[in-house]
Structure formats: C-alpha cells, structure tokens
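Examination of the molecular architecture
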Amino acid sequence: MRKVVVTLLLPLLLVTGGCWDQREINDLAMVVATAADVVHEAGNEQVRLTLQIANPIALVPGQGGGGGGGGPGAPKAFWTVAGTGRTVRAASLSIVERIPKPIFFGQDRLTLVGERAARLGITPLLDRPLRNRETRRSMYLAIARGEAKRVLEVEMPTFRATGLAISNLFDLEGGRQAIMPVDFGEFAYNLSTGTTSPAAPVVEVVPQTSISAEDRKSLGAVPQAIKVSRVAVFSPGGKLVDFFDEKETLGLMWVLNKIKTREIIVPCPVEGPVEPVVMGLVRSKSRIIVHLEKNGLPSFEVKVRTTCDLWEHFGTHPGLLTPQYYESLERRVNTSIEREIMHTVRKAQSLHADVFGFGEEVKRQHYPEWKRMAQDWPEIFPVVKVTVKAETGFRHRGLSVEPVTARKEHR
Amino acid sequence: MRSRKGVLPIFFRKKSLNQRASTGPKQVPLPHDYKEISTSLKENEAYLRQEFANTTDIVFREFYMGETRCLAVWVDGLINSRVSHDLFRSLMLDVPPEVSRKIPSRDLADYLNRHFLPFYSTIRVEDMVELKRWVLMHKMILLVDGSPVGLVLDAETPPTRGMTEPVLESVVTGPRDSFLEPLRINTALIRSRLGDIRLKSENFIVGRRSNTLVTLMYVEDLANPEIVEEARQRLSRVDIDGLIDSSILKELIQDRRYSLFPLIKVSERPDKVVADLLEGRFAIVVDGSPQVLTAPTLFVEFLQTAEDYYMNPIVVWLVRLFRYLALFVATNLPGLYVAVTTFHQEMLPIPLVFTVAGARETVPFPAFIEALSILITFELLWEAGIRLPRIVGGAVNIVGALILGQAAVQAGLVSQAMVIVIAATAISNFALGSGYELASGIRLVRLINLVAGSVLGLYGIALGFLAFMVHLTALRSFGVPYMAPLAPLRLREMKDVIYRAPWWDMTRRPALIAGEDLTRSKTPPPAPPPERPPSQSRRK
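What counts, and at which threshold
- Residues numbered from 1 in each chain as written.
- Chains lettered and ligands numbered in written order.
- Predicted model: local features only at pLDDT ≥ 70, side-chain atom pairs only at ≥ 80, totals over all residues.
- Helix = DSSP H or I, 4+ residues; strand = E, 2+ residues; numbered from the N terminus.
- Buried ≥ 20, exposed ≤ 12 C-beta atoms within 10 Å, placed from the backbone.
- Contact = placed C-beta atoms within 7 Å.
- Nonpolar A, V, L, I, M, F, W, Y, C, P; charged D, E, K, R; others polar.
- Core = buried A, V, L, I, M, F, W, Y, C linked by C-beta atoms within 7 Å.
- Expected span 1.5 Å × (residues − 1).
- Domains from an automatic or database assignment.
- Pairing = 2+ DSSP bridges.
- Axes fitted to C-alpha atoms, helices over the stretch in contact; angles between N-to-C directions.

With respect to the overall build of chain A
The number of helices and strands found in chain A is 14 helices and 13 strands. Judged by the C-alpha coordinates and their principal axes, chain A covers about 90 × 65 × 65 Å. Looking at chain A as a whole, 37% of its 411 residues qualify as buried. Relative to all contacts within chain A whose residues are 6 or more apart in sequence, the contacts with residues 24 or more apart total 71%.

Quick notes on the interface of chain B and chain A
Tallying the contact residues gives 19 residues for chain B and 26 residues for chain A. Sort the elements by how many residues they give to the side of chain B that touches chain A and helix α13 (residues 350-360) of chain B lands first, with nine residues. Here the residues of the side of chain B that touches chain A sort into 11 nonpolar, five polar and three charged.

Some thoughts on unusual backbone geometry
Note that the residue after B:Ala295, namely B:Pro296, is joined by a cis bond; omega there is -5°. Structurally, the position occupied by B:Pro296 is in the loop between β10 (292-295) and α12 (313-342). That bond from B:Ala484 to B:Pro485 is cis: its omega, 0°, falls within 30 degrees of zero. For B:Pro485, the position within the fold is in the loop between β12 (480-481) and α19 (536-539). Its identity as a non-glycine residue notwithstanding, A:His352 has a phi of 55°, on the positive side. Here A:His352 lies in the loop between α10 (323-351) and α11 (358-365). For A:His352, a count of 15 C-beta atoms within 10 Å puts it in the partly exposed group.

Points about the nonpolar core
Formed by 185 residues in total, the largest nonpolar core has its most connected members in A:Leu112, A:Val113, A:Ala142, A:Ala232 and B:Ala283. When residues in this core are grouped by element, the largest group, 10 residues, is from α12(B). Among residues more than four places away in sequence, those in contact with A:Ala142 are A:Leu110, A:Leu112, A:Ile166, A:Ala200, A:Pro201, A:Val202 and A:Val203. Counting residues in each nonpolar core, the second largest holds 28 residues, with B:Cys70, B:Trp74, B:Trp134 and B:Leu142 among its members.

Observations concerning the environment of B:Ser81
All names here are of chain B. Relative to the elements of secondary structure, Ser81 occurs in helix α4 (residues 81-94). For Ser81, a count of 11 C-beta atoms within 10 Å translates into the label exposed. Considered as a pair, Ser81 and Gly66 are 15 residues apart in the sequence and their alpha carbons are 23 Å apart.

Concerning helix α6 (residues 162-173) of chain A
Residue and element names in this part refer to chain A. Compared with an ideal rise of 1.5 Å per residue, which puts 12 residues at 16 Å, α6 spans 15 Å between its outermost C-alpha atoms and is within 8% of the ideal. Every buried residue belonging to α6 is among Thr162, Gly163, Leu164, Ile166, Ser167, Leu169 and Phe170, and all of these are buried. Looking at the residues trailing α6, positive phi occurs at Gly175, about 90°.

Considering the domain arrangement of chain A
All names here are of chain A. According to the domain assignment, chain A consists of domain 1 (26-243) and domain 2 (246-411). If you average the C-alpha positions of domain 1 and of domain 2, the two centres end up 33 Å apart. Among the elements of the structure, α7 (184-193), β8 (224-234) and β9 (240-243) are those that each provide at least two residues to the side of domain 1 that touches domain 2. Here the residues of the side of domain 1 that touches domain 2 are counted per class, giving six nonpolar, nine polar and three charged.

What about the sheet that holds strand β2 (residues 68-75) of chain B?
Residue and element names in this part refer to chain B. Pairing in this open sheet of five strands is antiparallel, and the strands run β1-β2-β4-β5-β3 from one edge to the other. Sheet topology places β1 (58-65) and β3 (122-125) at the edges, where each strand pairs with a single neighbour. Averaged over all pairs of adjacent strands, the angle between strand axes in this sheet comes to 20°, irrespective of strand direction. The strands touched by helix α3 (residues 41-51) within the sheet are β1, β2 and β4 (140-144), with β2 carrying the most contacts at an inclination of about 20°.

Given below as structure tokens:
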C-alpha cells in the first residue's frame, strides 16, 4: 500500500519542480535578425540594438493576414524595433518595455554590426550573444556599410524580412562569387586566437537597379535593396581595419575553402583575351603547408586542387577538339587562381592582417616553434614568404563541342 | 539441452512458483464427490430428477428397449436431434427382443454400447455425480435398467454461427477462417492445420459453476516442458465461478497483476495459433470464446501481422519499419510536440516555427490543455465508435469529423497543427500491426508522455521513455523476457523482429521459448538450376 502511495506521489514531485521555464510558442517575440550600432547619444557612446521580430499570425495562410500580409492594411509579417543603452543587454532591456511578449533569441539567424561599431571594436558586442544560452553560434554575422539599423529597415518586395533574406542568401548562395558566409561562432573563434584577423561579409544598402514605371510614379524615392558581397577585415584585436574588394575577397575564399562554385574567366588559348572562356569551378580544396626556413621564419605553401568544367566559350574559332586546348585552359586557370590568391596575400600583408589563419597553421603544424614566434607574429606575418600552387583538372566541356559556326566551316 | 540450464533460472522464478503451488491446486477435472450408479433405474432417475428439479430445459426421455426400461437425459437444444432420433430408432426398433433376454441385465448397457449405439464417441461412466455433470456439459446420457453403468453419448451440436472472416486481424492474402465460440470447432481448426501426432491437447474444466472446458494445446517436443508445466499449474490454480471468455482466463494466469502491455497474446486466426505452436508456444482454447490464447508472448509479436509471413519479405521489412515508426508516433508525438513548442522553440526550423506560432495565435489554451482536449475527444470517438450500434455510428462519425476537423479550428479553439498531430497519432495507433490490445494499452503511455513532456520538456520525454523501458524489460511472459530478443539481445533471433527473414533462411526456432527441437527448416535456399551444356538437338 505504501508502495502504491509513493508511486502515485512521485510524479507529483516532478510537477512541483517543472513548468517554470515553460513558454507557449505564440507568446514569444521571435527575433530573426539583430543589428547592433554604436551611436553618439546624450553625450556618450551608446549601443543601439535593432531587432527584427516575426509576427507569425501574418505568416499563416488563411488566418488573420489573409494571404500573409500581401494586401494593404494587412498586418506586417515582420517589424523592427530599436532601443539604446549603455550595453547590449541594456539596449535590449529598453526594447522589452515596448513589446508585449518576451524576446526570444533562439531563432535569431543573423547579427549585423554597424561600420562605426566595428571600427570602435566589435568584441564588447559579441559578449551577450556568446554568453546567452538562447542565441545560437551557427547564426550568421555580417558587417553593415554605414548603419546596421538601415539594413533591417529596408523593405524587400519579394522577401518579407531583410534579416531572413540575408541569412537565406548565405544559406543558398554562400560560396558563390564574393559571398563569403561567416557564422558567429567561427568569427568569435578566429578572434579568440589572438593572431588571426577575422573577416566578415559586408551588407550594403543600394538603390534598386530596376523598378516598374508605376512604382516610380507612386513612390517618391527610388526603393532600396540589399547587396551582400566582399568582406570586412578586422585586426586580431577586433577592430575593423579595411574592406576587401571583390577580387581580394575571392582570393581569401580560395584559401579558406569557402568557395562552392564560381566562374573563372580566362583568355582563350587561341585568340587571347578577345574571346574569353568561362570555366566553371565544380570542386575545390585548398591546403596550407607550413615550411620552416633556415632563418627560423615560416614560409607558406598554399595548394589548391580544383576541378573545372567548360561553361562558356565566347568566340567563333574552331580548335576545341585538341587536347592541347584543354591543357592550355588548365594552365590558364591555374595562373588565374595563383594570381588571385597572391593578390590577396599582398593586400593582407600590407594591412598586417592574417586573414588566412597562417598563424594557426604554424601552431598546428609546428607547435614548439610557434611558441617562440607567437609574440612577434604581427611583425612576422607581413614578411613571410607565400607560394601558391594550383592544380586544375578539366572534367567536361558541356553538350556542344565547337562553336556553331565553326562546325559549318568544317563541312 | 544446450545452455538453457545456465540462462533460464534467472528468468524462471522458481522459488515463488513453489510457494504458490503449496496453496494446493484444485483437482481438475471435478467432481469431488462420488456416488455409484445403482442397478435400479428408478433409484437413479429419482436422484437425477431431484438434482435437476425446477429445470425446465432438461429433457428426461423414458423408453423401453424390448422389455427393458431406459432413460435418456439431456439439455434441450444442445443435442443434435437427428442423432438422438437415430438413438431412439436403433434402441426401440432395431434391437432384437432376445437381446434383453440373452444378455444379463448387468452387462446390458455395455452390450448396447458395443452393438447398438451409432455414435462417434461414447463414454462409460460409473459415477452418478460425473454422469450428472456430463449432462451439463452438452452431452446426452443413457441409463439402462439393471446396469450400474451410465453411457455418455456425444451428440453435441452447440448453438453456433457460421464461419466468418477474422474481424480484428484481417489480411489481404492468407487464410480467412477464424475461430468460433465452440471449443470443438476451434481445436479442429488447429488440428486440421497441424497434423502432428506430437500436437497434444489436455482438457481442464474451469469454473465451479460454469464447468467450462478449457484445452491446453502444445507440440510435445517443440514446447519447453517447463513452460508447459507452468501453464498447467496456472490453469489448475484458477478457481472462479464462471469462465465466460478467454480474456478472463488471460488476466487470471498472466505473470503480473498489473501491466499496460499484453503478456499473453489473443488471436482469432487459426493460422497464427498454429504458427505459434510450431514456434514452441502453447495455446489455450476456451469453450465459448472465439479467441485463443497463446504464450509465451514477446513484445515484438504485437508489431507483426499474420500477413507478414505471406508477403514478400523485402516489402515486409519496409512495412515493419513503418510500424515501428507508428509505435513511436503513437506513443510520443503529442508529448514531443508540446515539449518542443513550449520548451524548445529553437529546435524548430524557421518556416515551421512561424507556422506553428501563427496557428496557435488565436488558441486560448496552453498547448498541453489543447493537446489533452483533442486527445480526449479522440478517445471518446474511439469508444463511441466501438459501442454504438452500427445504425447510429454514422452520426458519430459526422459529428466527430465536424467538431474536430472544422468547427474547433475555425472557432480558433485548437490550432490546425495540433489537429494534424493528433490525427497522425490516431492513425499510427491503428497502424501497429496485429496488436489491438497493444493499441489500447498505448493510449495510457501516450497520456503519460504528454504530461511528462509538458512538465519537463524533452527531459521529461526521456524520463518517461526510460521508465517504460524499465517496466518493459522487467516483464515476463511465462518466464520468458518480454522484450526478447532485444533485451536480452539475441542477434541470432533478430530474423523476425525488424525485418522478416525469407522462409528459407528461418532455420531455427526461438531458443528462449522452444524446447529441444530448434531446427525449423532444412530447405536449401532457392537457386536456379545448374547451367546445362547446350544440347545437340538445339544446335540444329
């Protein structure tokens, strides 16, 4: 009998301890993107936090929004709210006063940091998201050109929230062209090494390239759009140093293995740059090998192995049937890759910014020597010797062989 | 006997068995009293009439065979009238008058039994009390004046319905007959499929008042003698006034007083029972019940169907995977959904989290109450669907579909997401295979998981899962671990758990259940004929 009573009472014990952190899913203000700026307000520097918050009822078809916030007057699916404070936490506290639901950071997909805040030093802004157990380190980090708040305020015609649009872009198109996705944890890790210069992608607000005549009439100004490209480079201490241009970003992405697929435009082996050939990258894998020179300094050998397809031959001449043509193409791709990387290396060395994590590589491969040079790494990095070796394998040339006119001439 | 000696004592709780046996098993079959049949028919008749006083459905038929007075007694309606007619014709008209003169009256009954009773079977009884009982067990008795012997004549036609298809365990391919209420038909259905002389059957009479015939069947060299002995012990321990259905017997003889999970399998399919007998299990047939018990039972059996053994094994593998998925969904989905939406909102992918949150926006209840209310509605619909007369059933369906599917969602009382979750759970509940008992037991598991999930989140679900695992692995069915061959893990016997091995590969019986003969099949695997050299005639 006592056994039965105890067995029945035991589950009640669970109830006394449980439920305290239970929250209904619809009682949360779900943040999908955060923007952090540092502004000069009321005599001192203040953090201004802008949150992009979902309004789920407008996102469900057939409920409330009537098709999901499409028509005028329908509830907006996402809205932004900003607050300022001495710290990030203080800024978000000032937001709490303005929204009816508790803020939930578990679904945050993107953190944007404004240019000014980045230049002043990004480290204090990273502390709250890293310390808080709701926020995920897999969310993306990006640097906004100008104010980060403005990015979240852009209204996109096709995508309801800029924050989600940017994280979507990183998900689907990261590794194409100069789009280099960097997640929060990765950035924080690079920063924590003390020698590596972290880099983060840059988001800009740009005017829309094309708008309908109707819109031009009804809207006074040209609507704005978002552009994600290139990276911002930080000092190992966490201060924004410089922005890479596209070519430099591409060189960095080779070394960091961030490239998924891209076009490499090389001059035609027969006609030269007049008739460019577009090679498509299918696979690429790079490795950094550290050699120790006699003078005690390391030298780096970056090895890139790629596989390419022929995507476009922008020309008329025949001659694509010979193996020599493809061997020549491979050589040209190699040269192109090597040049791109070397260009970035020179830029990084001039900035004293070890964006490649060369220091980390020395640490991994030659730990005893690294202990000696770790202190002086900022002085060593700009003068180390870097060689690049690219190795390209040609896979196939697509469905057609020769340019169409060339085939006629053969007959 | 291989290594059983080493393994089994752990699982057979011998000690407690002996203790229980010492309470003294009832001698079966009854009776306890004994009264010799008198040579005087008058005396016998007086006794019987006194015993059967005030019973209008018992027929006393008195007649003369030549000069000798005879008496037949039976229960009206349980005897085949054509056969009884034969009896009277044979005795009253066909017996030559000199018989009663030539044969001493003491031996007359035996003589008649040998020469003039055209019956399948007769039993010679010398005990009046036993004879009386046979009347109540659907037999016709015959007493002859001067003979101290009673004859029990088998002319039984119990009231029964025609053969029907199985209701709960229906199949697409495979046999379609199912057990009926009369015991004799059921044993015949089993015997007709298993013509082995080693298929033994033992009779027990259970029920002090109902005198229900119970037959224990097993294949002598396949079943484990210890398990069969245990079954005998448990059957003889039963002392109840009436045994109305086999399910009552199941509750009386299973290993535990309480368990959510069925410890003895109930089947209405003869082919399934025969398959169980061939795996070394025993079967218990109860008169008046169209369901036959088989044991020892394993948990995994409830996720198998009869058809699994008739279908392509590759397809069966896939179907079984779905059944295990259904088991998971039926037990966990509501709890998991509530746990994730109230504790772990970050676990959902972005589009899903908005859909769920948006759908819940108008719902006035916490997710737990929401889930509970639809679950209870579903249980009520289930119960109503079973109980209601078929004519009214349609109305329940309409109301249920309207309330659940349309009105509640439109009124914003429950979210679509929750309706879908409960619907998926309900469907999974019935996709479990042959286990209706399991399906009904799982309802409680689901409720407990729901509470655990809504109180402690995923942690609670994990705790609940752990608790049920502890319970399941502690269960035994006639001493055999309920979760075998998963726990204890027996890889050699996994051929019929997650997948079903093709028949040519199922060469052994389950060793925890079966007795000596473990070899099930020696059939070589199917193979194409060896290639022949091209013949001369073909080349032309």
